[in-house]
Amino acid sequence: MIAEYLTTRFGLPEWLACGGVALVQCLILLGIMMFAAALFTWMERKVAGRIQDRLGPTRVGGRFGWLQSVADGVKLLAKEDLIPGEADGLLFRLAPYVSFCAAFCVYLALPFSNGWVAQHLNVGVFFIVAIAGLEVFGVILGGYSSASKWSLYGAMREAAQVVSYEVPLGLCVVIPVMVAGTLDLVAIGNMQRGWGVNWLVFHNPFLFITFFIYALCTLASTNRAPFDLAEAESELVAGFLTEYSGFRWSVFFMAEYGSMYAMSGLGAILFLGGWHGPIPLAEMLGLSYANHAVLGWLGDLLGAGNFLCKAFLGVAAMMWLRWTLPRLRIDQVMTTCLKYCVPLAAAMFVGTMLWTYALPGGLLPRSTPLGAVAEAPPWTAPRAARGERP
Amino acid sequence: MINWHTCFFLLFATITCAFAVAVVVSANVVRMAVCLIASLAAVSGLYFLAVADFVAAMQLMIYVGGTLVLLVFGVMLTARGPFVSMKITPANWLMAGLAGGALLILLLCAATSVDAWKTAAVAASAPAAEGGHTVAPIGMALLGIRVDALEQANPALRGGIAGYLLPFEIVSVHLLVVLVGAAHLARARRRRRPAEAVPDASRSA
């Protein structure tokens, strides 16, 4: 741990070292989330434009409109900040930050590479699923406190949708966890190292189908089209967001883009090998801790880049679907969840269970056995294994 | 001794208690729910501080997430107009105060009666013993293997440590099925109209 290094090497008091390290980690994560939100708002416009045979933003910041997000940000900050006279002011102000905090807390337990995680939790998957479900709370608060029936209906649509889609999403997350045998995200990622055939999505045909159900449920739980009934800006006039403007409105969207990236990251770790690519570049180049600490660190850095790319591709797929498919009606949304996703996910659960009982090795020949202990830098081991006081 | 552990404990404990008081004091249903969620989330922070990761995540999932559903139903069922505030009579205050006060006194008595909790040193080192590796033992206990009680020497007690968690879980799933069945039986039966009745209704309308 860096905090222990600081206390022993420089004689800093414990609270200062721990607090400083925690602050730096939070700032890094906040930076990643903000950068992702800015990049994705720009990308959303470009993707929408290209799919609709337009150019998208072209003027701001050069040929590709790179600085469009900055211009948007300045515009939103300068907008008049309206609060309806009838509204419950405290809750109205609080609501966007509740959503943002929930989206941000997901990043606390999301590993970016082998051991590169702000808080290495033994129950990482479970924590992320629990926290990600809380994002809807800000939406309900926002809809309720606006004192407008329109907003309240929008919030209720969203609540019904998100609470329903928690069920198949949870089932889909459990299935790779069952194959991996652990809830620890770092361990699940390290299990899939080697060539792409080691990814859990190729473990058996049931997991392959599960991945697509997971992707569908992720779309619904992050309120992306074709499931964005809560907002539905073209038909239902932005639901719970009707009364929001300016900075608070943009905080809701930062939360949405942040959680999109986090959920694709979770999918990348659970199904697509996390930081272990289709080609094991780091192992080919000999970047491992067995050779040298710096080489191992470089290998982890490469893994982090790999992971960020996978999560980015996941978000790109979400945008592609958004601008390709028409929006569903609320009854179709609920039918998709309760009549198709839940039974399918349950069937995949039973199928994977039987498969792991009969063929624990998986379908394709693996370059490393599933249970092989991955090498890890010493500081990634949970505290008790190192025999220390927390 | 003041360390960061103590600071965070005091912080989370203060948040828990302050928002618990706010739940009682506020009169608006939604504000109550918000305070309740803040209080429960701070309790989850206390669990994380005690390196009980699984319980903390459970707290977030079940209590904080459950309160969310409570909030939805609270709004849907009670909100006849915007921002209804509850009227609480002195008799209600008295009853609630008696019940709550009795429970508080009981808990305080129980907490002060344990000798091991009186010394600070024991309390500080207690969380380090388990170290957050609680998931595997809990999973094994679900299957009937209590990892923490394998060294039980007394053969009379060894029969009991196998654990009843799996039967317990089966019973809970059974209860769920019963609830679903009850909801199915109790729902309002909507009689389907004959097919030829529908055009008549539309014509008269």
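Residues numbered from 1 in each chain as written. Chains lettered and ligands numbered in written order. Predicted model: local features only at pLDDT ≥ 70, side-chain atom pairs only at ≥ 80, totals over all residues.

Novice: Requested: an account of the overall build of chain B, with residues and values cited.
Specialist: Counting its regular elements, chain B contains 9 helices and 0 strands. Ordered by position in the sequence, the α and β elements of chain B form the string α-α-α-α-α-α-α-α-α. Looking at the 205 residues of chain B, the share that counts as buried comes to 15%. (Helix = DSSP H or I, 4+ residues; strand = E, 2+ residues; numbered from the N terminus. Buried ≥ 20, exposed ≤ 12 C-beta atoms within 10 Å, placed from the backbone.)

Novice: Just give me the short version of the overall build of chain A, but keep the residues and values in it.
Specialist: For chain A, the count of helices and strands is 14 helices and 0 strands. Along the chain direction, N to C, the helices and strands of chain A fall in the order α-α-α-α-α-α-α-α-α-α-α-α-α-α. The burial tally for chain A puts 45% of its 390 residues in the buried class. Considering only intrachain contacts with a sequence separation of at least 6, the fraction spanning at least 24 residues in chain A is 78%. (Contact = placed C-beta atoms within 7 Å.)

Novice: An account of the confidence of the model for chain A is requested, with residue identities and associated values reported.
Specialist: In low-pLDDT segments, the atomic positions of the prediction should not be examined closely. On average, residues of chain A score 79 in pLDDT, and 86% of them reach the 70 mark or higher. By mean pLDDT, the top-scoring element of chain A is helix H9 (residues 205-221) of chain A (88), and the lowest-scoring one is helix H14 (residues 383-386) of chain A (41). (pLDDT = per-residue confidence, 0-100.)

Novice: Outline the packing of helix H7 (residues 149-180) of chain A against H9 of chain A, listing residues and values.
Specialist: Residue and element names in this part refer to chain A. Contact geometry for H7 and H9: axes closest at 9 Å, N-to-C directions at 150°. As the angle between them shows, H7 and H9 are arranged roughly antiparallel. You can see that H7 and H9 cross each other, and the crossing is left-handed. Taken together, the residues of H9 that come into contact with H7 (itself represented by Gln161, Val162, Tyr165, Glu166, Pro168, Leu169, Cys172, Ile175, Pro176 and Val179) are Leu207, Thr210, Ile213, Tyr214, Cys217, Ala220 and Ser221. (Axes fitted to C-alpha atoms, helices over the stretch in contact; angles between N-to-C directions. Parallel < 35°, antiparallel > 145°, perpendicular 65-115°, else oblique. Left-handed = near helix turned anticlockwise from the far one by under 90°.)

Novice: Can you lay out the environment of Val29 of chain B for me, pointing to particular residues and giving the numbers?
Specialist: Residues and elements named next belong to chain B. Among the structural elements, Val29 can be located in helix H2 (residues 29-49). Given 20 C-beta atoms within a 10 Å radius, Val29 is considered buried. Note: C-alpha distance between Val29 and Phe12 (17 residues apart in sequence) is 24 Å.

Novice: Which residues make up the nonpolar core, and what values go with them?
Specialist: All names here are of chain A. Among the nonpolar cores identified, the biggest contains 120 residues, and Val106, Ile128, Ile131 and Ile140 are the most heavily contacted of them. Here this core takes 14 residues from helix H10 (residues 246-270), the largest share from any one element. Apart from residues lying up to four places away in sequence, Ile128 is in contact with Val106, Ala109, Leu110 and Leu266. (Core = buried A, V, L, I, M, F, W, Y, C linked by C-beta atoms within 7 Å.)

Novice: Quick rundown of helix H6 (residues 135-145) of chain A? Include the residues and the values.
Specialist: Residues and elements named next belong to chain A. Of all 11 residues that make up H6, 11 are buried, and the element is covered over most of its length. Turning to H6, its buried residues are Glu135, Val136, Phe137, Gly138, Val139, Ile140, Leu141, Gly142, Gly143, Tyr144 and Ser145. Trailing H6 by a residue or two, Ala147 shows a phi angle of about 55°, which is positive.

Novice: How would you sum up the confidence of the model for chain B? Please name residues and give values.
Specialist: All names here are of chain B. Summarising the model, chain B shows a mean pLDDT of 75, and 64% of its residues fall at 70 or more. Mean pLDDT values over the elements of chain B span from 46, in helix H9 (residues 197-204), up to 89, in helix H4 (residues 90-113). Under a pLDDT of 50 for its full length, residues 122-130 has, in the predicted model, 9 contacts with residues more than four places off or in other chains. Contacts for the low-pLDDT stretch residues 196-205, under 50 throughout, to residues beyond four places or in other chains number 1 contact. Predicted complex, confidence summary: ipTM 0.76, pTM 0.80.

Novice: Please provide a residue-by-residue account of unusual backbone geometry, values included.
Specialist: Peptide bonds are trans in most cases, and residues, glycine excluded, mostly fall at negative phi. In the Ramachandran plot, Asp53 of chain A falls in the positive-phi region, its phi being about 60° despite a non-glycine side chain. In this fold, Asp53 of chain A is placed in the loop between helix H2 (14-51) and helix H3 (68-78).

Novice: Outline the environment of Cys26 of chain A, listing residues and values.
Specialist: All names here are of chain A. On the secondary structure map, Cys26 appears in helix H2. Using a count of 14 C-beta atoms within 10 Å as the deciding quantity, one classes Cys26 as partly exposed. Here the alpha-carbon distance between Cys26 and Val173, two residues 147 residues apart in the chain, equals 26 Å.

Novice: Could you give an account of the environment of Pro280 of chain A, naming the residues involved and the relevant values?
Specialist: All names here are of chain A. By the secondary structure assignment, Pro280 is in the loop between H10 and helix H11 (281-284). Look at Pro280 and you get partly exposed, because 18 C-beta atoms sit within 10 Å. C-alpha separation for the pair Pro280 and Gly196, spaced 84 residues apart in sequence, amounts to 8.1 Å. When neighbours within four sequence positions are excluded, Pro280 is seen to be in contact with Arg193, Gly194 and Trp195.

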